[in-house]
Amino acid sequence: MKTAIIFGANGGIGHQFVEYCLAQYDHVFACTRQIQSFKTIEGQSKGKLHMMKLDPGSEKELQLFSEFLSGREFEVQLIINACGVLHNDSKDISPEKKIEDFNPNSFKEVISANALITPLIAKHLLHHLEAGAKAQKSTGLFASLSARVGSIGDNYLGGWYSYRASKAALNQLIKTLSIEASRRFKHCVVVAIHPGTTDTSLSKPFQANVPEEKLFSTEYAVSKMMNVLENTTLEDSGKFFAWDGKEIEW
Ligand SMILES: NC(=O)c1ccc[n+]([C@@H]2O[C@H](COP(=O)([O-])OP(=O)(O)OC[C@H]3O[C@@H](n4cnc5c(N)ncnc54)[C@H](OP(=O)(O)O)[C@@H]3O)[C@@H](O)[C@H]2O)c1
């Protein structure tokens, strides 16, 4: 029973991953903190979609989810973390234009949402991915949504201190996890992926100067990223990919 698990399932990109996976997998776990506002997916097959109200920042909740999966028929093949934050409605999180805008509390919240969740998910669920991949005689995919602005080598513009730092931390965590996976979870590919600028609530306030052809729909971004992810092999583990399959320097 080929199974996918998506975190941040109520987000623009996360929701689209759920929709994509419903057509490709026997079971899809859509994990979100906001189950009540999850948008219905038209024509979804009953019994395939498992809605999970889950805060991935909570170890307790991840542990319970892991226990739930244990001993059941799900063979986990794909785990995607599509959680992230750049700004919020109350404006206490907003990408910094200058160092005077830097706020320690906002920084901690951004780090929590963008960097902390991925290792927690791996800690509690990577062994399920390894077991699922072995059962399916294939490779398991563990991917986290990063952002090009998290690349240190690619930083020519500055600004956005907290978001850049959180994604740089995420990238280091992914790289480190991929090294451990090559020794302990040998059937798992661990990567970071950049979706391109995609039309979601996260990018909304920053879309004004983005040329039309460079602002992706969630459908386009997810189909491109899944094409990249589905073509990865164990040799690709530890890489940072863009939506078009090109590697981004860390
Ligand atoms: N959109 C873009 O242009 C763009 C570009 C580069 C990278 N990205 C990355 O792509 C990922 C998805 O972004 P998106 O555009 O889909 O944004 P979005 O629509 O705002 O969705 C982000 C989701 O992240 C989850 N989330 C936010 N704060 C969280 C927290 N503190 N703890 C746990 N979960 C939290 C929420 O999921 P639930 O409500 O389901 O819990 C939220 O719906 C992010 O990592 C983002 O940095 C996006």
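For the structure itself, look to the data block above.
Bear in mind that the values here come from a model prediction, so they are computed numbers and not experimental data.

The rules behind these values
- Residues numbered from 1 in each chain as written.
- Predicted model: local features only at pLDDT ≥ 70, side-chain atom pairs only at ≥ 80, totals over all residues.
- Heavy atoms only, no water.
- 1 Å grid on protein atoms, 1.4 Å probe; cavity = no way out; pocket = protein on both sides within 12 Å on 5 of 7 lines; lining within 4 Å.
- Points joined across faces, edges and corners; volume = space filled by probe spheres on them.
- Helix = DSSP H or I, 4+ residues; strand = E, 2+ residues; numbered from the N terminus.
- Nonpolar A, V, L, I, M, F, W, Y, C, P; charged D, E, K, R; others polar.
- Axes fitted to C-alpha atoms, helices over the stretch in contact; angles between N-to-C directions.
- Parallel < 35°, antiparallel > 145°, perpendicular 65-115°, else oblique.
- Left-handed = near helix turned anticlockwise from the far one by under 90°.
- Contact = heavy atoms within 4.5 Å.
- Pairing = 2+ DSSP bridges.
- Buried < 20%, exposed > 50% of the residue type's maximum accessible area, 1.4 Å probe, protein only.
- Right-handed = clockwise from strand over helix to strand, strands pointing away.
- Phe/Tyr/Trp six-rings, centres within 6.5 Å; stacked < 30°, edge-to-face > 60°.
- Lys NZ or Arg CZ within 6 Å of the ring centre and 35° of its normal.
- Near = heavy atom within 4 Å.
- Polar contact = N/O pair within 3.5 Å; in protein donor to acceptor, adjacent residues only side chain to side chain.
- Areas by Shrake-Rupley, 256 points an atom, 1.4 Å probe, with all protein chains shown as cover.

A few words now on the layout of surface pockets. For the second largest pocket, the calculated volume is near 200 Å³. Every element with two or more residues in the lining of the second largest pocket is listed here: α3 (104-135) and α4 (161-184). The greatest single-element share of the lining of the second largest pocket, amounting to six residues, is contributed by α3. Residue composition of the lining of the second largest pocket, by class: six nonpolar, three polar and three charged.

As a packed pair, α3 and α4 sit with axes 7 Å apart at the nearest point and diverge in direction by 15°. As summarised for this structure, α3 and α4 are arranged roughly parallel, according to the angle between their axes. α3 and α4 meet at a crossing whose hand is right-handed. Contact with α3, carried on its side by Phe107, Val110, Ile111, Asn114, Ala115, Thr118, Pro119, Ala122 and Leu126, involves Ser162, Tyr163, Ala165, Ser166, Lys167, Ala169, Leu170, Leu173, Ile174 and Leu177 of α4 and no other residues of that element. Classifying every residue of the contact of α3 with α4 by side-chain character gives 14 nonpolar, four polar and one charged.

On to the sheet that holds strand β2 (residues 27-32), then. Sheets are built from strands that pair by backbone hydrogen bonding, the pairs being arranged parallel or antiparallel. Pairing is parallel in the open sheet, where seven strands are placed in the order β3-β2-β1-β4-β5-β6-β7. The sheet is open, and its two edges are formed by β3 (49-53) and β7 (240-242), each paired on a single side. Recorded for the sheet is a direction-independent mean angle of 25° between the axes of neighbouring strands. When strand β6 (residues 188-194) meets β7, the two strands line up parallel, connected through three bridges. Paired with Ile193 across the strands is Phe241, a residue of β7. Sheet strands in contact with α3 are β1 (2-7), β4 (75-81), β5 (140-145) and β6, and its direction is about 150° off that of β4. Sheet contacts for helix α5 (residues 218-230): β4, β5, β6 and β7; angle to β6, the most-contacted strand, approximately 150°.

This part covers the pairing of β6. With seven of seven residues buried, β6 is to be regarded as a mostly interior element. Every second residue of β6 is oriented toward a common face, with Cys188, Val190, Ala192 and His194 on one face and Val189, Val191 and Ile193 on the other, all of them buried. Strand direction decides the pairing type here: β5 and β6, joined by six bridges, are parallel. Of the residues in β6, the one forming a bridge with Ala143 is Val191. Remark: the β5/α4/β6 crossover connection has right-handed handedness.

For the rest of this paragraph, the subject is the packing of aromatic side chains. Evaluated as defined, the whole model comprises 11 aromatic pairs. Note on Phe216 and Trp243: the rings are 4.6 Å apart at their centroids and 75° apart in plane angle, and the pair reads as edge-to-face. Taken together, the residues Phe216 in the loop between β6 and α5 and Trp243 in the segment after β7 connect sequence positions 27 residues apart. The positively charged end of Lys2 is found above the aromatic ring belonging to Tyr25, 4.6 Å away from the centroid.

Counted under the stated rule, the structure contains one cavity of 30 Å³ or more. What the largest cavity holds in volume is close to 50 Å³. For the largest cavity, the full set of lining residues is Val85, Leu86, Ile93, Ser94, Pro95, Glu96, Ser106, Val110, Ser162 and Tyr163. Elements with a minimum of two residues in the lining of the largest cavity: α3 and α4. Partitioned by chemical class, the residues of the lining of the largest cavity number six nonpolar, three polar and one charged.

On to the site of the ligand. Contacts to the ligand come from 29 residues, most closely from Thr32, Gln34, Tyr163, Thr198 and Thr200. A distance of 3.5 Å separates an oxygen atom of the ligand from a polar atom in the backbone of Leu145. Taking Tyr163, its side chain carries an N or O atom lying 2.6 Å from an oxygen atom of the ligand. When the free accessible area of the ligand is taken as 890 Å², the share hidden by the protein chains comes to 88%. Here the residues of the shell around the ligand sort into 12 nonpolar, 15 polar and two charged.

On to the pairing of β4, then. The element β4 is largely enclosed, with a buried count of six among its seven residues. Two elements, β1 and β4, share six bridges in a ladder whose sense is parallel. The residue of β4 that forms the bridge with Ile5 is Ile79. Two strands pair when backbone bridges link them, and β4 and β5 are joined in this way by four bridges, in the parallel orientation. By the bridge assignment for β5, Ile80 is matched with Ala143. Regarding topology, α3 serves as the crossover connection from β4 to the parallel β5, and that connection is right-handed.

Without other data, these values stay purely geometric and don't point to any function.
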